[in-house]
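Residues per chain are reported as follows:
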Amino acid sequence: MFELLKEQPADKILMLMQAFKEDPRDQKIDLGVGVYKDAQGRTPVMRAIKAAEKKLWEIEDTKTYTGLAGDIGYADAMVDLLLGDAVPRDAVAAAATPGGTGAVRQGFDLVRMANREARVFVSDPTWPNHLSILKHMEMHMVPYRYFNAETRGVDFDGMMEDIADARIGDVVLLHGCCHNPTGANLTTEQWQQVIDLLKKTGAVPMIDIAYQGFGDGLDEDAEGTRMVAAQLPEVLIAASCSKNFGVYRERTGLLLAVAHDEARRKVNQGMLNYLNRQNYSFPPDHGARLVTMVLQDPELRADWEAEVKEIREGVLALRQQLAAELKRLTNSDRFDFLAEHRGMFSRLGATPEQVEKMRVDSGIYMVGDSRMNMAGLNKDTVPVLAKAIVDAGV
Ligand code: PMP
């Protein structure tokens, strides 16, 4: 029977990782996979997570199942981190999921159960996994314009025009902050305009937030998500702890369904539990427990917040250095957008040929659409990249 199955296309980012590994050059620079790296190229276990892990080893006395939605303390701590006091806690149904990807998948599943005909509006471009999950689930997908190739900022007029087509029963997928892959984000005013438009259309927003704290700050990065949750009757939020807690392989995520109606919230909670049960039963707990301990313990939390700030400011400094270096080399400000973008990624706006040239000539690895992971740089490699960008004629 399995002879009927066809080979799946390889994941482009994972292929790029492999090619990087196999490149014998010492000077190579990896701007590919979306993982935070420090100046030495390491992805360390965060200090507070390490401390929590040590403590957990001492106090954990059982590994029996939690609940279908995971540990309630995790949901409480994460709802607080994500939403602050934007909505009452009892307006939110929440379930732990295996990573942010699990939350995205469960969110789409919930949408499909509610409406088989739902169209999911996605930014063009978006995180490729959004597209491949929707395709796998045979759901309708409608791209909306998002990136202005000229300015490398948000094509807000195009976005609004395209989202205006959404209807009741449709979903509009938004990135909470640090848009992947472009690095271009909505301003507070633009979030408000999107909210007003969604109110008019009746479409439900689904927010994917995977980099809270990596853009402008923990609260700042959640601002759009909080505005949406406070003002619209139904909202889905898929959150990931992979990056901001550095717990990638622990698979730690949360799906939230906001409904300002007690009866609806109860049904939603039951649905989230049900979907977990059907797909994998109990969600992973280890990463979630560490995150909860960090968020609940004032000392660990302060240290975690300090480390997230170090990461954020480190990436921002690399952005500013790269933009300044390119300004010097080109005598123009056309690369200033690099310092405006937020989060780990920036779409450079290079052609696939230019991306290839940078790889072949300079050992610089970025995704084919010219997404760069800025955290793959350090002070010494920024000038190398800047020169390669200019030499490739970007
Ligand atoms: N959403 C976006 C936009 C992402 O970039 C990522 C990480 N690449 C995720 C969700 C989910 O990540 P994970 O499943 O590793 O938590």
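1. A word on the site of the ligand
Link 1 in the chain: Neighbouring the ligand are the residues Gly99, Gly100, Thr101, Trp127, Asn180, Asp208, Ala210, Tyr211, Ser240, Ser242, Lys243 and Arg251.
Link 2 in the chain: Taking Asp208, its side chain carries an N or O atom lying 2.7 Å from a nitrogen atom of the ligand.
Link 3 in the chain: In the model, a nitrogen atom of the ligand is placed 3.0 Å from a nitrogen or oxygen of the Lys243 side chain.
Link 4 in the chain: Against a free-state accessible area of 400 Å², the protein chains account for coverage of 90% of the ligand.
Link 5 in the chain: At 3 residues, the largest contribution of residues to the shell around the ligand is made by helix 4 (residues 99-114).
Link 6 in the chain: When the residues that make up the shell around the ligand are grouped by side-chain class, the tally is 3 nonpolar, 6 polar and 3 charged.

2. Some points on helix 10 (residues 286-296)
Link 1 in the chain: The element helix 10 is largely enclosed, with a buried count of 8 among its 11 residues.
Link 2 in the chain: For helix 10, every residue scored as buried is listed here: Gly287, Ala288, Leu290, Val291, Thr292, Met293, Val294 and Leu295.
Link 3 in the chain: In this structure, the buried residues of helix 10 make contact with helix 2 (47-59), helix 3 (72-83) and helix 11 (298-330).

3. Focus on the sheet that holds strand 7 (residues 234-240)
Link 1 in the chain: Spatially, 2-8-7-6-5-3-4 is the arrangement adopted by the 7 strands of the open sheet, whose pairing is mixed. Bordering the open sheet on either side are strand 2 (92-97) and strand 4 (140-145), each of which pairs with just one other strand. Taken over all neighbouring pairs, the strand axes of this sheet differ in orientation by 20° on average, direction set aside.
Link 2 in the chain: Pairing between strand 2 and strand 8 (residues 253-259): 6 bridges, direction antiparallel. Bridge pairing links Ala95 to Leu255 in strand 8.
Link 3 in the chain: Here helix 4 sits on the sheet in contact with strand 2, strand 3 (119-124), strand 5 (171-175), strand 6 (204-209), strand 7 and strand 8, set at roughly 155° to strand 7.
Link 4 in the chain: Lying over the sheet, helix 7 (residues 188-201) contacts strand 5 and strand 6, oriented at roughly 170° with respect to strand 5.

4. Some thoughts on the environment of Glu150
Link 1 in the chain: With respect to the helices and strands, Glu150 occurs in the loop between strand 4 and helix 6 (156-163).
Link 2 in the chain: Along the chain, Glu150 and Gly349 lie 199 residues apart, while their C-alpha atoms are 8.4 Å from each other.

5. Brief notes about unusual backbone geometry
Link 1 in the chain: Along the chain, Asp124 connects to Pro125 via a cis peptide bond; the corresponding omega equals 5°.
Link 2 in the chain: With respect to the helices and strands, Pro125 occurs in the loop between strand 3 and helix 5 (128-136).
Link 3 in the chain: Cis rather than trans, the peptide bond between Asn180 and Pro181 has omega equal to 20°.
Link 4 in the chain: With respect to the helices, strands and loops of the structure, Pro181 is situated in the loop between strand 5 and helix 7.
Link 5 in the chain: For Arg251, which is not a glycine, the phi torsion comes out positive at approximately 60°.
Link 6 in the chain: Looking at the element boundaries, Arg251 is found in the loop between strand 7 and strand 8.
Link 7 in the chain: Look at Arg251 and you get partly exposed, because its relative accessible area is 30%.
Link 8 in the chain: Its identity is not glycine, yet Ser370 carries a phi of approximately 70°, on the positive side.
Link 9 in the chain: Locating Ser370 in the fold gives a position in the loop between strand 10 (364-365) and strand 11 (371-373).
Link 10 in the chain: Exposure remark for Ser370: the relative accessible area of 0% places this residue in the buried category.

6. Considering the domain arrangement of the chain
Link 1 in the chain: Domain assignment breaks the chain into domain 1 (11-46 + 301-391) and domain 2 (65-296).
Link 2 in the chain: When each unit is reduced to the centre of its C-alpha atoms, the spacing between domain 1 and domain 2 is 26 Å.
Link 3 in the chain: The interface of domain 1 with domain 2 comprises 23 residues on the first partner and 28 residues on the second.
Link 4 in the chain: In this assembly, domain 1 and domain 2 are joined by 1 salt bridge.
Link 5 in the chain: For the salt bridge of Arg342 with Asp216, the shortest nitrogen-to-oxygen distance reads 2.8 Å.
Link 6 in the chain: Connecting domain 1 to domain 2 are 13 residue pairs in polar contact (both at pLDDT 80 or more).
Link 7 in the chain: When contributions to the side of domain 1 that touches domain 2 are tallied by element, the ones reaching two or more residues are helix 11 and strand 9 (345-347).
Link 8 in the chain: Along the lines of polarity and charge, the residues of the side of domain 1 that touches domain 2 split into 10 nonpolar, 6 polar and 7 charged.

7. Overview of the packing of helix 3 against helix 8 (residues 218-231)
Link 1 in the chain: Interhelical geometry of helix 3 versus helix 8 gives an angle of 95° and a closest axis separation of 7 Å. Compared by their axis directions, helix 3 and helix 8 come out roughly perpendicular. Residues Asp80, Leu81, Leu82 and Leu83 of helix 3 pack against Leu218, Ala222, Thr225, Arg226 and Ala229 of helix 8.
Link 2 in the chain: When grouped by side-chain class, the residues that make up the contact of helix 3 with helix 8 number 6 nonpolar, 1 polar and 2 charged.

8. With respect to helix 1 (residues 12-22)
Link 1 in the chain: Of the positions making up helix 1, those classed as buried are Ile13, Leu16 and Phe20. Along the axis of helix 1, the buried positions cluster into a sector of 55°, meaning they face one direction only. Across helix 1 from its buried face, at more than 90 degrees, point the exposed residues Lys21 and Glu22.
Link 2 in the chain: Against the buried residues of helix 1 lie strand 1 (29-30), strand 10 and strand 11.
Link 3 in the chain: Residue Asp11 occupies the N-cap position of helix 1, its side-chain oxygen lying 2.9 Å from the main-chain nitrogen of Ile13.

Procedures and definitions
- Residues numbered from 1 in each chain as written.
- Predicted model: local features only at pLDDT ≥ 70, side-chain atom pairs only at ≥ 80, totals over all residues.
- Heavy atoms only, no water.
- Near = heavy atom within 4 Å.
- Polar contact = N/O pair within 3.5 Å; in protein donor to acceptor, adjacent residues only side chain to side chain.
- Areas by Shrake-Rupley, 256 points an atom, 1.4 Å probe, with all protein chains shown as cover.
- Helix = DSSP H or I, 4+ residues; strand = E, 2+ residues; numbered from the N terminus.
- Nonpolar A, V, L, I, M, F, W, Y, C, P; charged D, E, K, R; others polar.
- Buried < 20%, exposed > 50% of the residue type's maximum accessible area, 1.4 Å probe, protein only.
- Contact = heavy atoms within 4.5 Å.
- Pairing = 2+ DSSP bridges.
- Axes fitted to C-alpha atoms, helices over the stretch in contact; angles between N-to-C directions.
- Domains from an automatic or database assignment.
- Salt bridge = Lys/Arg side-chain N within 4 Å of Asp/Glu carboxyl O.
- Parallel < 35°, antiparallel > 145°, perpendicular 65-115°, else oblique.
- Arc of directions from axis to C-beta.

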